[in-house]
Amino acid sequence: MVKGSGAGLPSSGQGPLVAVVGGGQLGRMLALAGLPLGLRFRFLEAKAEPPVRDLGAVVRTAYDDPEGLDALVHGAAVVTYEFENVPVAAARRLAESTPVFPPPQALEMAQDRLTEKEGFRSLGIGTAPYRAVGTREELDEAVREIGLPAVLKTRRMGYDGKGQVVLRESSELDSAWATLGGRPLILEGFVDFRRELSILAVRSRSGETAFYPLVENEHIDGILVRSRVPASRDPVLAAASPESTGDGGADSPLSSATSPVQAEAEGIARRVLDHLSYVGVLAIELFEVPDPERGTRLLANEMAPRVHNSGHWTQDGAWTSQFENHLRAVLGLPLGDTGLRGEGAAMINLLGTPPPREELVRVPGAHLHLYDKEPRPGRKVGHVNVTVGGGVGPGAGAVQGADPMGLAERVRRVRELVEGRGERPE
Ligand code: AMP
């Protein structure tokens, strides 16, 4: 077994081999972006029929199996991961022989909501008020301190709204404790946010850093259902504006160069990147809240040390996708342009059984991405990116009127199909 091969090429002389811990849809989309760059992929995934199965070799063991880890990195130029619950000990073991990016300390910060919030606070980044909860008595104390409504969450392994309960009245504490108690928990004050935003940053091994335009996200029951770029104008201003469509269109672009919110978000991300000596794509989920002095300000909710669902729009809406830029970053290649390619882009998640592909791709500007996953209720099986404007030729001037169907209308059509209310052809 070859060990200590560093960042060299594998002996076959083919393109660099990227080892990926995890074999889900994010790994699949990394490979789909990396194959045209001449990269090769190997994945570590215990589950059967992983979405990456057609795109590279798959080592089928648990994430902390030493032999599996050795088989994963054999001849690899770099190791990365596509989910944040990679055991830190495994990441450190891999790092003994092969560069691991993002660095294992990013996993440590992101895996525990308490460590994550303490990390944000130590960097001067605002968060919701929070308190660690280990016992039923501590839950009472935390509620007394923080007040209601509040959100009780497991500190580890929660995702897509799993492992969290919103508490509105003290009568709900017993049932919340019955559901979540016994594990380390955190109580967070409920944030009455104006918008949910996310900032995607990328930093290469050379230190080169870039940011994507702020993304506005909509969650239902804790699951991301829709993202859009540019983010809407301040909702208060938008409501007062006669041009506003108010329904998710690209009616109100905020240039990244001029938006103070973009600058604030980039400042937050930069502090985290620096603190962690970060390499790769980093996503930070943000709440925008009213602020008496500045109008609004941003609170950090959580971070993902990996490519992120709220960055999927970049596949079709940005000059360089988050997946390609993550690979460029971890291999030390120059980064690609993170700018918005047209006038606007949106992403709609497909949960459960998706509508027929013929109907989805018929919507102008719709790009379908399926993950090769068996549909189950609520399971993410794909997404649709919707783009508009830019360039020359058909659809180029959609927002200006050459094609009357702007982003908001395109998104509405996809949503109708997804929500099962579309006018389907006979
Ligand atoms: P999370 O798993 O922390 O990303 O939470 C999933 C979603 O639940 C977020 O995107 C919000 O929509 C909502 N949420 C989580 N925490 C809070 C909070 N403290 N206040 C209000 N909403 C929250």
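Since the model is a prediction, treat every value here as computed from it, not as a measurement. Numbers given to residues run from 1 along each chain, matching the order in which its sequence is written. Only residues with pLDDT of at least 70 get local features here, since the model is predicted, and only at 80 or more are side-chain atom pairs given and counted; chain-wide, interface and lining totals rely on the full set of residues.

A. Summary view of the pairing of strand E13 (residues 280–291). Residues are called buried when their C-beta atom has 20 or more other C-beta atoms within 10 Å, exposed when it has 12 or fewer, and partly exposed otherwise; all C-beta atoms are positioned from the backbone. Going along the chain from the N terminus, every DSSP run of H or I of four or more residues is numbered as a helix, and every run of E of two or more is numbered as a strand. Most of E13 sits out of view: 9 of its 12 residues are buried. Any two strands between which DSSP finds at least two bridges are classified as paired. As defined by bridge partners, strand E9 (residues 195–203) adjoins E13 across 9 bridges and the pair is classed as antiparallel. Bridge pairing links Leu197 to Leu286 in E13. In terms of strand pairing, E13 meets strand E14 (residues 295–304) through 9 bridges, oriented antiparallel. When the sheet's bridge partners are listed, Ile284 is paired in E14 with Met303. The antiparallel hairpin formed by E13 and E14 contains 3 residues in its connecting segment.

B. Spotlight on the pairing of strand E11 (residues 215–220). Taken together, the 3 bridges between E9 and E11 define a ladder with antiparallel strand orientation. Each bridged residue has a counterpart across the sheet, and for Leu197 the counterpart in E11 is Glu216. Across 5 bridges, the pairing between E11 and strand E12 (residues 223–229) is antiparallel. Counterpart to His219 in the pairing with E12 is Leu224. In textbook terms, the turn of a hairpin is the stretch between consecutive antiparallel strands, and for E11 and E12 this stretch comprises 2 residues, one of which, Asp221, has a positive phi near 50 degrees.

C. Here's a closer look at the packing of helix H1 (residues 25–34) against helix H11 (residues 322–331). Axis lines are fitted to C-alpha atoms, over the contacting stretch for helices. Their N-to-C directions set the angle, which ranges from 0 to 180 degrees. Packing of H1 against H11 brings their axes to within 8 Å, and their N-to-C directions diverge by 75 degrees. Considered as vectors, H1 and H11 are oriented roughly perpendicular to each other. On H11, the residues touching Met29, Leu30, Ala33 and Gly34 of H1 are Phe323, Glu324, His326 and Leu327. Ten residues, namely Ala, Val, Leu, Ile, Met, Phe, Trp, Tyr, Cys and Pro, are considered nonpolar, four, namely Asp, Glu, Lys and Arg, are considered charged, and the remaining ones, Gly among them, are considered polar. When grouped by side-chain class, the residues that make up the contact of H1 with H11 number 5 nonpolar, 2 polar and 1 charged. When describing relative orientation, an angle under 35 degrees is termed roughly parallel and one over 145 degrees roughly antiparallel, while 65 to 115 degrees is termed roughly perpendicular and anything else oblique. Throughout, a residue-residue contact means that the two C-beta atoms, derived from backbone geometry, are no farther apart than 7 Å.

D. Expanded view of the sheet that holds strand E5 (residues 130–133). If you walk across this open sheet you meet the 4 strands as E5-E8-E6-E7, and the pairing is antiparallel. The outermost strands of the open sheet, each flanked by one partner alone, are E5 and strand E7 (164–167). With direction set aside, neighbouring strand axes in the sheet form an average angle of 20 degrees. Across the sheet, helix H6 (residues 136–146) touches E5, strand E6 (150–154) and strand E8 (185–189), and the angle it forms with E5 is around 175 degrees.

E. Structural detail: the site of the ligand. In the region of the ligand, 13 residues are neighbours, and Ala128, Glu188, Val191, His219 and Gly222 sit closest. Broken down by class, the residue content of the shell around the ligand amounts to 4 nonpolar, 5 polar and 4 charged. How far each domain reaches was decided by an automatic or database domain assignment. Taken domain by domain, the makeup of the shell around the ligand includes at least three residues from each of domain 2 (129–189) and domain 3 (195–418). To decide whether a residue is near a molecule or strand, its C-beta atom is placed from the backbone and checked for lying within 6 Å of it.

F. How the structure looks around the packing of helix H4 (residues 104–111) against helix H5 (residues 113–122). Taken N-terminus to C-terminus, the directions of H4 and H5 make an angle of 105 degrees; their axes are 5 Å apart at the nearest point. In terms of orientation, H4 and H5 fall into the roughly perpendicular class. Where H4 approaches H5, its residues Glu108, Met109 and Ala110 are matched on the opposing element by Thr115, Glu116 and Gly119.

G. Expanded view of the sheet that holds strand E4 (residues 78–81). Reading across from one edge, E3-E2-E1-E4 is the order of the 4 strands in this open sheet, with parallel pairing throughout. The sheet is open, and its two borders are formed by strand E3 (57–59) and E4, each paired with just one other strand. When the angles between neighbouring strand axes are averaged without regard to direction, this sheet yields 25 degrees. Note that strand E1 (residues 17–21) and strand E2 (residues 40–44) share 5 bridges and pair parallel. Looking at E2, one finds that Val18 is bridged to Phe41.

H. Expanded view of the confidence of the model for the protein chain. pLDDT is defined as a per-residue confidence score from the predictor, taking values between 0 and 100. Predicted confidence across the protein chain gives a mean pLDDT of 90, with 87% of residues reaching 70 or more. The low-confidence segment residues 1–11, where pLDDT is below 50, has 17 contacts with residues more than four positions distant or belonging to other chains. In the predicted structure, residues 422–426 sits below a pLDDT of 50 and forms 4 contacts with residues beyond four places in sequence or in another chain.

I. Highlighting unusual backbone geometry. The peptide bond linking Phe101 to Pro102 adopts the cis configuration, its omega dihedral lying at -5 degrees. Here Pro102 shows up in the loop between helix H3 (88–95) and H4. Unlike most non-glycine residues, Glu49 shows phi in positive territory, near 50 degrees. Inspection of the secondary structure puts Glu49 in the loop between E2 and E3. You will see that Asp372, though not glycine, has its phi angle at about 60 degrees, which is positive. Checked against the element boundaries, Asp372 lands in the loop between strand E16 (366–370) and strand E17 (380–388).

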